[in-house]
Amino acid sequence: MAKDVVVEAIDDVSIAVQENVDDQEDLLSELARVRHERIEGVPLGEALGRERRPRVVVVLDRIVNRLTLGSARLRRAFITSLVEEGDTVTSVATRFEVTHQRISSILGRGRD
């Protein structure tokens, strides 16, 4: 049986969302800790810790990056499959509320 790129992309996004749930809980705890320390008068540099990048920023970036990469892959899989199944570029563009040029660009990247 051939691979289904849509199923694979959905699986990838599902994993990313679950990982983000875990990171979001961590982020909420870290935000609460920094907030509490700020209210207590702790200098920001101390509240953020001495790491090169504040943990809040590291975790937030991880969450955003997962969603950005996963959504791009899922969108590309949806668009490619819809066109392969017979939808026109224009109808897919209308469905996704973008221009037909944007859909053509996404389709073109899939051929690289």
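The coordinates are above.
The shown structure was predicted, so the numbers you read here are calculated from the model rather than taken from an experiment.

Here we look at the packing of helix 3 (residues 55–84) against helix 4 (residues 89–96)
Argument step 1. Interaxial distance between helix 3 and helix 4 falls to 9 Å at its minimum, and their mutual angle equals 145°. The two elements helix 3 and helix 4 cross, and the hand of that crossing is right-handed. Along the contact surface, helix 3 presents Arg 75, Phe 78, Ile 79, Leu 82 and Val 83, while helix 4 presents Val 92, Arg 95 and Phe 96.
Argument step 2. Residue composition of the contact of helix 3 with helix 4, by class: six nonpolar, no polar and two charged.

With respect to the environment of Ile 106
Argument step 1. When you line up the elements, Ile 106 lands in helix 5 (residues 100–110).
Argument step 2. Sequence spacing of Ile 106 and Arg 33 is 73 residues, and the spatial spacing of their C-alpha atoms is 42 Å.
Argument step 3. Discounting chain neighbours no more than four positions away, the residues touching Ile 106 are Arg 75, Arg 76 and Ile 79.

A few points about the pattern of salt bridges
Argument step 1. This model, assessed by the stated rule, comprises nine salt bridges.
Argument step 2. Among the ionic pairs, Arg 73 bridges to Asp 12, the shortest N-O distance being 1.7 Å. Placement of the pair is Arg 73 in helix 3 and Asp 12 in helix 1 (residues 5–39), with a sequence separation of 61 residues.
Argument step 3. On the accessibility criterion, Asp 12 (35% relative accessible area) is partly exposed.
Argument step 4. As a salt-bridge pair, Arg 66 and Asp 23 come within 2.8 Å of each other at their nearest N and O atoms. Within this pair, whereas Arg 66 is found in helix 3, its partner Asp 23 is found in helix 1, the two being separated by 43 residues in sequence.

Thresholds, definitions, all that
Residues numbered from 1 in each chain as written. Predicted model: local features only at pLDDT ≥ 70, side-chain atom pairs only at ≥ 80, totals over all residues. Heavy atoms only, no water. Axes fitted to C-alpha atoms, helices over the stretch in contact; angles between N-to-C directions. Helix = DSSP H or I, 4+ residues; strand = E, 2+ residues; numbered from the N terminus. Left-handed = near helix turned anticlockwise from the far one by under 90°. Contact = heavy atoms within 4.5 Å. Nonpolar A, V, L, I, M, F, W, Y, C, P; charged D, E, K, R; others polar. Salt bridge = Lys/Arg side-chain N within 4 Å of Asp/Glu carboxyl O. Buried < 20%, exposed > 50% of the residue type's maximum accessible area, 1.4 Å probe, protein only.

Don't take any of this as a statement about function, it's just geometry.
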